[in-house]
Amino acid sequence: MRKNIVAGNWKMNTTVPEGVKLAEDVNAAVNAAGELKCDVVVGVPFTHLTAVKAVLDGGKVGLAAENCAAKASGAYTGEVSAAMVASTGAQYVILGHSERREYFCESNEMLKEKVDLALANGLKVIFCCGESLELREAGNYADFIAAEISESLFHLTAEQWANIVIAYEPIWAIGTGKTATSDQAQEVHAMIRKLIAGKYGEKLADDTTILYGGSCKPSNAPELFAKPDIDGGLIGGASLKAADFMGIVTAF
Ligand code: PEP
């Protein structure tokens, strides 16, 4: 069955004590909220994983890393492997964020390696895709997104696919305050689901969680989440304040 998920992506924000405090606030708010209509995940810097896991342990909030290495282990100074991430107790890893694609030259091919290592280490993958403003204006964003997904994920078996969450994040909407309209987002989400159905069949496509990301906030989340193919959000800026994040979590 398809799950609704609201996941925070803290990016390179907060010191460890600040992150622990934010995680405590989110954890307490989620526990106080009673029955929620979505799973809640916080995506945090590597340095925070163990400390945040201790705060979340036993609670309802899942934990994600924001990246992992494309190599299993060895002489890769500064890298953090999928096995290391899994050993912190994190259940998820965010891969393919547009900031990593742009600033750290992550290709579809490299992301395929990362996805394989994440899954081999028992992590679920929140796989980001999305087009630039140029591609949107040129009108050929569908092919671009299809290539991002197919080149990094379509080698997976149907069984492996059960551990993939897709996050559609139009680059022009990330951190810009410019949200895709709910109709624009729905159009791409439906297209992604159709792409998955073409490869893996209707049932698996229907079971796949597809998140929207890009300037999502409490005020626009209800309209976005009301769309049939939008199953939640990957939240950047608004995940750094527990009250804003909870405003999105409770938007379902
Ligand atoms: C993101 O970077 O994943 C994101 C969606 O950022 P923001 O919500 O700040 O646009």
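Rules behind the numbers
- Residues numbered from 1 in each chain as written.
- Predicted model: local features only at pLDDT ≥ 70, side-chain atom pairs only at ≥ 80, totals over all residues.
- Heavy atoms only, no water.
- Near = heavy atom within 4 Å.
- Polar contact = N/O pair within 3.5 Å; in protein donor to acceptor, adjacent residues only side chain to side chain.
- Areas by Shrake-Rupley, 256 points an atom, 1.4 Å probe, with all protein chains shown as cover.
- Nonpolar A, V, L, I, M, F, W, Y, C, P; charged D, E, K, R; others polar.
- Helix = DSSP H or I, 4+ residues; strand = E, 2+ residues; numbered from the N terminus.
- Buried < 20%, exposed > 50% of the residue type's maximum accessible area, 1.4 Å probe, protein only.
- Pairing = 2+ DSSP bridges.
- Right-handed = clockwise from strand over helix to strand, strands pointing away.
- Arc of directions from axis to C-beta.
- Salt bridge = Lys/Arg side-chain N within 4 Å of Asp/Glu carboxyl O.

Caption draft 1: View of the site of the ligand. Around the ligand lies a shell of 14 residues, among which K11, H97, E169, G175 and S215 are the nearest. Here an oxygen atom of the ligand and a side-chain polar atom of H97 are 2.7 Å apart. The contact in question runs from an oxygen atom of the ligand to an N or O atom on the backbone of G237, over 2.8 Å. The fraction of the free accessible surface of the ligand (300 Å²) that becomes covered by protein chains is 95%. Residue composition of the shell around the ligand, grouped by class: 4 nonpolar, 8 polar and 2 charged.

Caption draft 2: Representation of unusual backbone geometry within the structure. With a phi close to 80 degrees, T14 is a non-glycine residue in the positive phi region. Relative to the elements of secondary structure, T14 occurs in the loop between β1 (5-9) and α1 (16-32). One non-glycine residue with positive phi stands out, namely S215, at about 55 degrees. When its relative accessible area of 17% is taken as the criterion, S215 is described as buried.

Caption draft 3: The pairing of strand β4 (residues 92-95), seen in detail. Neither face of β4 is left uncovered, since the one carrying Y92 and I94 and the one carrying V93 and L95 both have all their residues buried. The pairing of strand β3 (residues 61-65) with β4 spans 2 bridges and is parallel. When the sheet's bridge partners are listed, A65 is paired in β4 with V93. A crossover links β3 with its parallel partner β4, the connecting element being helix α3 (residues 82-87), and its sense is right-handed. Bridge count for β4 against strand β5 (residues 124-129) is 4 bridges, and the pairing is parallel. Bridge assignment links V93 to a residue of β5, and that residue is V125.

Caption draft 4: Highlighting helix α12 (residues 242-249). Among the residues of α12, those classed as buried are A242, F245, M246, I248 and V249. Projected onto a plane normal to the axis of α12, the buried residues spread over an arc of 155 degrees and lie on a single side.

Caption draft 5: Summary view of the pattern of salt bridges. In the structure shown here, the tally under the stated rule is 13 salt bridges. Ionic pairing is found between R2 and D231, a salt bridge with its closest N-O pair at 2.9 Å. Taken together, the positions of R2 in the segment before β1 and D231 in the loop between α11 (221-225) and β8 (232-235) put the pair 229 residues apart, joining distant regions of the chain. Residue R2 is classed as partly exposed on the basis of its relative accessible area of 22%. Owing to a relative accessible area of 2%, D231 belongs among the buried residues under this scheme. With a closest N to O distance of 2.7 Å, E99 and K11 form a salt bridge. Of the two residues, E99 sits in helix α4 (residues 98-103) while K11 sits in the loop between β1 and α1, which places them 88 residues apart along the sequence.

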